[in-house]
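# Summary of the model geometry
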Amino acid sequence: MKIIVCENYDEMSKVGADIIAELVAEKPDCILGLATGSTPVGMYKELAAKNKAGEITFKDVTSFNLDEYYPLAPDHDQSYRYFMNHNLFDHIDIDKTRTHVPDGLAEDPALMGKNYDAAITAAGGIDLQVLGLGPNGHIAFNEPEKELYVGTHLTSLTDSTIEANSRFFASKSDVPTKAVTMGIGSIMQARKIIVLASGKGKHYVVEKMQDDRITTEVPATLLKVHPDVTLICDKDAYNG
Ligand code: F6R
């Protein structure tokens, strides 16, 4: 795993955006795997600025997001579809019909998950996957557990994740307790992965990602077996 330690959040955002911009310039019809949460917001702003300045175009790019709350409608203002439109897609020239977010209202989430993974494969597979880190080590919504799923599936959120994400909702009781999320296999099949981490709250996981062991109890450690992962973190996440 390659590690890039940045001075602060802004530098981390720029480094991440440069890596994506380079890929999009090289392969204009690339497939991006995208994440929500606070961490990539600055990177998405940088990408929108590059697009506005005419440095890159997303017109032939396809995207697949990692996860969505369940059950939650795409037009709900806390949905991850809403987040992506608001923080990225509305500000770039991407064709929204090429942007995919798992269906938070799927009647049969298992079938939806199978179809989601099949759609990724049919599109040619993810060229570059963006990941954030849960303070407990989750990646997407693969929470610390004895056994993890390979493919996209319905999952329950841990209390610590519900607590962490309650900052976006009116109260903790409004946070959905479930989500549909790509599995570890869906993530591992990406050709390249960049992981963004900012702030002292991520130090525990960043440290766990650097020893020579893996454990499903800290899902981010599983990334050590992927051949092309770059962890881009700021000094607070790196040093604690
Ligand atoms: C979001 C996702 C989550 C977040 C993680 C970190 O699509 O899959 O795993 O990346 O919870 O969230 P932030 O960036 O808000 O700290």
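This part takes up the environment of Val205. Topologically, Val205 is positioned in helix H7 (residues 203–208). Take Val205: its relative accessible area is 0%, and that puts it in the buried class. Along the backbone, Val205 and Val15 are 190 residues apart, and their C-alpha atoms lie at a distance of 20 Å. Excluding its chain neighbours within four sequence positions, the residues that come into contact with Val205 are Leu133, Gly134, Pro135, Asn136, Gly137, Val218 and Ala220.

Now for a nonpolar patch on the surface. There is a patch of nonpolar side chains on the surface, built from Met1, Ile3, Val5 and Tyr238 and spanning about 300 Å² of accessible area. When you line up the elements, Val5 lands in strand S1 (residues 2–6). By relative accessible area, Val5 is classed as partly exposed at 36%.

This part is about the pattern of salt bridges. Summed over all chains, the structure comprises 15 salt bridges. Among the ionic pairs, Asp18 bridges to Lys50, the shortest N-O distance being 2.8 Å. A residue pair is termed long-range when its members are at least 10 positions apart, and Asp18 in helix H1 (residues 9–26) and Lys50 in helix H2 (residues 41–52) qualify at 32 residues. Look at Asp18 and you get partly exposed, because its relative accessible area is 40%. Looking at Lys50, the relative accessible area reads 14%, which means it is buried. Here the salt bridges do not stand alone but share partners, grouping Asp211, Asp212, Arg213 and Lys224 into one network.

Read from one edge to the other, the open sheet built from three strands follows the order S4-S8-S7, with strand pairing classed as antiparallel. Pairing within the sheet leaves two strands with one partner each, and these edge strands are strand S4 (67–70) and strand S7 (153–156). Across the sheet, the mean angle from the axis of one strand to that of its neighbour is 30°, orientation sign disregarded. Where S4 lies against strand S8 (residues 178–181), four bridges are found, and the strand directions are antiparallel. Across the sheet, residue Glu68 finds its bridge partner in S8, namely Val180.

Rules used in this analysis
Residues numbered from 1 in each chain as written. Predicted model: local features only at pLDDT ≥ 70, side-chain atom pairs only at ≥ 80, totals over all residues. Heavy atoms only, no water. Helix = DSSP H or I, 4+ residues; strand = E, 2+ residues; numbered from the N terminus. Buried < 20%, exposed > 50% of the residue type's maximum accessible area, 1.4 Å probe, protein only. Contact = heavy atoms within 4.5 Å. Patch = residues over 30% accessible without salt bridge, like charges linked within 9 Å, V, L, I, M, F, W, Y side chains within 5 Å. Areas by Shrake-Rupley, 256 points an atom, 1.4 Å probe, with all protein chains shown as cover. Salt bridge = Lys/Arg side-chain N within 4 Å of Asp/Glu carboxyl O. Pairing = 2+ DSSP bridges. Axes fitted to C-alpha atoms, helices over the stretch in contact; angles between N-to-C directions.

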